[in-house]
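Structure assessment
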Amino acid sequence: MVGPPSWYQLAVFLFKGKVKMKKILFFTLPLLIIVSVVILLFGVIQVHSQEDRLMDDLRRKAETVAESVELSAKYVLINNDMSGALRLVGKFQNKRRAQGAAIYGKDGRLVAVTERFKDWKDEDRQYHKDVLKKKAAKDNLSKFKKIYVYSYIVPVMDDKGELLGMVEMIYDTSYVFARSMDTWKSIIATLVVLVISLILIAALFLRQMFMVPMEKLTSWFKHFQNGESSKMPCIGKKDDMGGLVSEVEQVALSLKVARKTVSDAASARIDKEEIWTESKLKDLVHAKLGDSSLVVVSNREPFMHVIDEKTGKVKCVRPASGVVTAIDPIMRACGGTWVAQGSGNADRQFVNSKDKLGVPPEDIRYILKRVWLTQEEEEGFYYGFSNEGLWPLCHITHTRPIFRETDWQMYKEVNRRFADSVVEELPAKNAFVFIQDYHFTLAGRMIKEKRPDATVALFWHIPWPNTEVFSICPYQQEILDGMLGCDLIGFHVQYHCNNFLDTANRLLECRVDNEKNSIVRAGKETLVRPFPISIDSQFDSAVSAGESVEIEKIKNDLNLKDKIVAVGVDRIDYTKGIVERVLAVDRFLEKYPEYKGRFVFVQLSAPSRTKITRYHDLSEEIDQLVEKKNSKYFDGSWKPIIYLKRYFTPEEIKPYYRIGDICIVSSLHDGMNLVAKEYVAAKTDLSGTLILSKFTGASRELTDAIAVNPYSIEEFADSIKTACEMSAEEKRQRMESMRRNIQEHNVYRWAANIISEMTGLQKKWTL
Ligand code: ADQ
């Protein structure tokens, strides 16, 4: 039970802003208005009647005194005794309240007046004339100097009833008004006390009736969700919220039982199915994570809300990003929370008070939590340190990395922001965090500092260079140390793992265990494992009727019928070798002119990181190069390169993969490259040839592709010819083998391997 709070508690409660003044006023304002009006009305009446009473007293007193003075005044006036007159009025000089008397002759002329009213002149006063005329007493209220005076005036007659003069009693009435002021003061004081008391009572009422139960309930739910039963406040059945809590407990119990059943059934199913599917991954998650869920962190968000420049309407788009392509199906299968930067210009319109929303919007499967970065933070963290520093550092493409101290400071700050945001989402027990990529090298350690019990994995989506290359990074120690805060670090291929193990060994104080592929630093072990990433099955489906129509449309619009079509699909990035690709197409047509008019290369290119000069320049360079080569070969109807520079949805990309007799992936360096895998998945008819750069991670798996060195334009041109002339049977065999590989090593298997590795580690922590 919550007892009544002490005054101190109440004050703290009020002044620390727990109860907003506004809320209290909202509840009490009508009451306060009514009470104030009643008290003020009451005050007016009270003061009025008090004034009446005092004036009445004064009148009576003046009447009595005037009558008693009248006789003495009669003799003074009859005898014209001036000194007697002065003696008579002098008697009032020392009275407590300012009062006095004045004697007038029958012509109204002032004969004598009390000293304290010495400036009282025998002016032409109407009430004097009235008394002289009517020979009857009268009173009057008039202003004398700065005070109001009350006077009572009686005619003085001789024994025959002849008028001798007048006697006037004069009283200062200031004390009447002083009394009224005192009364008003006490009424206002009463009102203030009443208002404060009412506000305090309302605050107390609000707290006891609503806030305390709500706080208790919120805390109950929080601990309940985290599974911390010992910390859950006791809410009795008879309590206000008891009914609700009891219902929630029932639902949770049923859910637990259902989960356990699902988990057992899931474990049984995992062993039966050979190919990893979304449902098999779901089963694994149920079996391995149980009540817990995955918290994923990446810079790029899976869904952006942006305002369409043409229509002005908000649309939800999936960014062109390999990380998003890979992680979104995992999250759809596993549920959980994905923490990412909110970068769409309409993103803020779609989040709740905790910056979260359910996604995908049309079929909610997991939670997206958006973290907001200022322009300055985005420039330093994302464009600066991540993409002008680490990206070129890790890709051997001869683009010089730029390291600015200000960018580094921002990078650290943003890592801290994301780490804190992740920690907020972690359950009390069985917390699993899966960090994506080079943007968050420091977040792993930061999370572990706050939650050492959490199992934290980092997946590095890009290559890891050799030690000599990495050692040019001025912040190498901090970066390696931050990464080794994680329990598990994954790369696409063993070669990148080896580079990383070697880098840590040579640049950091640590022990590398080559047997276990792990690094021990300050007593903490980090496993380093290859997990070749892949794709889901969305590109691997039979051509639908709608798609056939779309394919025909594209062929007609781009004049591709009866042509050998090669496709390229990329973000505009210098690592993707788009320039080399165009040069190779040019060389191919130079060397093998019989393909002029018969061969078309279609390149879909999504603008990327355009704020960075290198990317902006590259985009212009490609535009100009394509134009130059097209004008070189243009014969009035045919041009060799169709360059489509915009974002395409996966559904829009798919028909181009289907149309492509050849897909060209010519990255100068690439962690994996998902386009190569998407193309293979889309070739359900087993036609098509993949030309794949030797410098992609994918080339280690897709060994049936035509491997190419994109720097060797001559070799590259020849490989296009080889692809054009490859027999249908050879294409079929190669494609079949590559498709089998991708079906077996799909993204669900990739995720299953990482999750299994993480849960294996987590068991160790809890032993
Ligand atoms: P990325 O460098 O983004 O990924 P990639 O693996 O090729 O490269 O994935 C690109 C994704 O964007 C693909 O799903 C593709 O369909 C899509 N895309 C390409 N062009 C597009 C366009 N014009 N419009 C819309 N979408 C487009 C990083 C690493 C890779 C690694 C992935 C995953 O650089 O090496 O394979 O992460 O780990």
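Once a new chain begins, its residue numbering starts again from 1 and follows that chain's sequence as written. Reporting of local features is limited, given that this is a predicted model, to residues whose pLDDT is at least 70; pairs of side-chain atoms are given and counted only at 80 or more, and all residues count toward the totals for whole chains, interfaces and linings. To get the side-chain values, take all heavy atoms of the structure and skip hydrogens and water.

**A few points about the overall build of the protein**
Put simply, the rule is: Every helix listed is a DSSP run of H or I at least four residues long, and every strand listed is a run of E at least two residues long, numbered separately from the N terminus. We take the radius of gyration over the C-alpha atoms and set the globule estimate at 2.2 Å times the residue count to the 0.38 power. Computed with a 1.4 Å probe, the accessible areas rest on the Shrake-Rupley method; for each residue, only the protein chains presented here act as cover. The convention is simple: Lys and Arg are positive, Asp and Glu are negative, and His and the chain ends are not counted. Lys charges are placed at NZ, Arg charges at CZ, Asp charges at CG and Glu charges at CD.
Along the backbone of the protein there are 23 helices and 23 strands. Taken over C-alpha atoms, the radius of gyration comes to 47 Å for the protein, far larger than the 27 Å a tight globule of 767 residues would show. Summarising its shape, the C-alpha atoms of the protein cover approximately 155 × 70 × 55 Å along the three principal directions. For the protein, the accessible surface area stands at approximately 36,800 Å², while carbon and sulfur atoms represent 55% of it. Measuring between centres, the 109 positive side-chain charges of the protein sit 6 Å from its 102 negative side-chain charges.

**Overview of the side chain of Thr467**
Note the following rule: Working definition: with a 1.4 Å probe on protein chains only, accessible area under 20% of the residue-type maximum means buried, over 50% means exposed, and in between means partly exposed. Two residues qualify as a contact provided that any one of their heavy atoms is within 4.5 Å of a heavy atom in the partner residue.
Structurally, Thr467 is set in helix α12 (residues 467-470). Thr467 sits in the buried class, given a relative accessible area of 3%. Sequence-distant contacts of Thr467, defined by excluding residues within four places in its chain, comprise Asp502, Thr503, Arg506 and Leu507.

**Topic: the pairing of strand β16 (residues 518-521)**
To be explicit about the condition: Pairing between strands requires that DSSP locate at least two bridges from one strand to the other.
Pairing of strand β15 (residues 511-513) with β16 involves three bridges; the strand directions are antiparallel. Bridging from a neighbouring strand, Val512 pairs with Ile519 of β16. Taken together, β16 and the strand that follows it, strand β17 (residues 524-530), pair antiparallel across an intervening segment of two residues, in which Ala522 is found at a positive phi of about 50°.

**What to know about the packing of helix α16 (residues 578-591) against helix α21 (residues 713-725)**
Selection rule: Fitting a line to C-alpha atoms yields each axis, with helices limited to the stretch in contact; the angle taken between N-to-C directions then spans 0 to 180 degrees. Convention used here: angles under 35 degrees read as roughly parallel, angles over 145 as roughly antiparallel, angles from 65 to 115 as roughly perpendicular, and any remaining angle as oblique. Handedness of a crossing is defined here by the sense of rotation of the near helix relative to the far one, left-handed for an anticlockwise turn of less than a right angle and right-handed for a clockwise turn. Note that Gly is not counted as nonpolar here; it falls among the polar residues with everything else outside the nonpolar set of Ala, Val, Leu, Ile, Met, Phe, Trp, Tyr, Cys and Pro and the charged set of Asp, Glu, Lys and Arg.
Their axes nearest at 8 Å, the elements α16 and α21 cross at an angle of 70°. With respect to α21, the axis of α16 lies roughly perpendicular. The handedness of the crossing between α16 and α21 comes out as right-handed. Where α16 approaches α21, its residues Glu580, Arg581, Leu583, Ala584, Val585, Arg587, Phe588 and Lys591 are matched on the opposing element by Ile713, Glu714, Phe716, Ala717, Asp718, Ile720, Lys721 and Cys724. Residues that form the contact of α16 with α21 fall into these classes: nine nonpolar, no polar and seven charged.

**Digging into the nonpolar core**
Applied cut-off: Nonpolar core, defined: a set of buried Ala, Val, Leu, Ile, Met, Phe, Trp, Tyr and Cys residues in which side-chain atoms within 4.5 Å join the residues together. Domain boundaries shown here were taken from an automatic or database domain assignment.
Core analysis: the largest hydrophobic core is formed by 166 residues, its most contacted members being Leu281, Ile435, Phe500, Phe599, Leu690, Ile720 and Trp750. Both domain 2 (293-530) and domain 3 (545-745) contribute no fewer than three residues apiece to this core. Once residues lying within four places of it in the same chain are set aside, the contact partners of Ile720 are Ala584, Val585, Phe588, Phe599, Ile662, Ile664 and Ile691. Formed by 28 residues, the second largest nonpolar core is a distinct cluster that contains Ala62, Val89, Val111 and Ala112.

**Observations concerning the sheet that holds strand β2 (residues 110-113)**
The strand order β2-β1-β5-β4-β3 describes an open sheet built from five strands, whose pairing is antiparallel. Across the chains shown, the open sheet's two edge strands, defined by having one partner strand only, are β2 and β3 (138-144). Across this sheet, the average inter-strand angle for adjacent strands is 25°, counted without regard to direction. Here seven bridges tie β3 to strand β4 (residues 147-157), and the two strands are oriented antiparallel to one another. When the bridges of β4 are listed, Ser142 appears paired with Val149.

**Section: helix α13 (residues 476-483)**
What counts here: Picture the helix axis, draw a direction to every C-beta atom, and the arc is the one those directions span.
Among the residues of α13, Gln476, Ile479, Leu480, Gly482 and Met483 are the ones counted as buried. Across the axial projection of α13, the buried residues extend over an arc of 160°, all falling on one side.

**Things to note about the site of the ligand**
Our working definition: Only heavy atoms are used to decide nearness, and a residue is near a molecule or strand if one of them lies within 4 Å of it. Identification of polar contacts relies on pairs of N or O atoms within 3.5 Å, with a donor-acceptor requirement for protein atoms, meaning one able to donate a hydrogen and the other able to accept it, and with residues adjacent in sequence counted only if both atoms are side-chain atoms.
As a matter of local geometry, the ligand sits amid 27 residues, with Thr325, His461, Phe648, Asp670 and Glu678 nearest to it. The backbone of Gly671 places a nitrogen or oxygen atom 3.1 Å from an oxygen atom of the ligand. For the ligand, an oxygen atom lies 2.5 Å from a polar atom in the side chain of Glu678. Calculation on the ligand without its partners gives an accessible area of 720 Å², and the protein chains cover 96% of this total. Listed by contribution, the elements that provide at least two residues to the shell around the ligand are α8 (322-334), β18 (564-571), β19 (599-606), α18 (650-659) and α19 (674-682). Here the shell around the ligand spans two domains, since at least three of its residues come from each of domain 2 (293-530) and domain 3 (545-745).

**Thoughts on the domain arrangement of the protein**
On domain assignment, one finds that the protein holds domain 1 (1-225), domain 2 (293-530) and domain 3 (545-745). Placing the centre of domain 1 and that of domain 3 at their C-alpha centroids yields a distance of 100 Å.

**Points about the packing of helix α7 (residues 278-289) against α8**
Two numbers describe how α7 lies on α8: the axes approach to 8 Å, and their chain directions differ by 60°. Viewed along their axes, α7 and α8 adopt a mutual orientation that is oblique. Crossing handedness for the pair α7 and α8: right-handed. From α7, Glu278, Leu281, Lys282 and Val285 reach across to α8, where they touch Ile330, Arg332, Ala333 and Cys334. Of the residues contributing to the contact of α7 with α8, the split by class is five nonpolar, no polar and three charged.

**Observations concerning the pairing of strand β8 (residues 314-317)**
In this sheet, β8 lies alongside strand β7 (residues 304-307) in antiparallel orientation, the contact comprising four bridges. By the bridge assignment, His305 is partnered in β8 with Cys316. Between β7 and β8, which pair antiparallel one after the other, the connecting turn spans six residues, and Gly312 there sits at a positive phi close to 80°.

**Digging into a nonpolar patch on the surface**
To keep it simple, the criterion reads: Within the patch definition used here, like charges are joined within 9 Å and nonpolar side chains (Val, Leu, Ile, Met, Phe, Trp, Tyr) within 5 Å, considering only residues with over 30% relative accessible area and no salt bridge. Salt bridge, as applied in this entry: a Lys or Arg side-chain nitrogen positioned within 4 Å of an Asp or Glu carboxyl oxygen.
Where nonpolar side chains cluster on the molecular surface, the patch consists of Met21, Leu25, Leu29, Ile33, Val37 and Leu41 and spans about 520 Å² of accessible area. Among the structural elements, Met21 can be located in helix α2 (residues 21-78). Since its relative accessible area comes to 43%, Met21 is described here as partly exposed.

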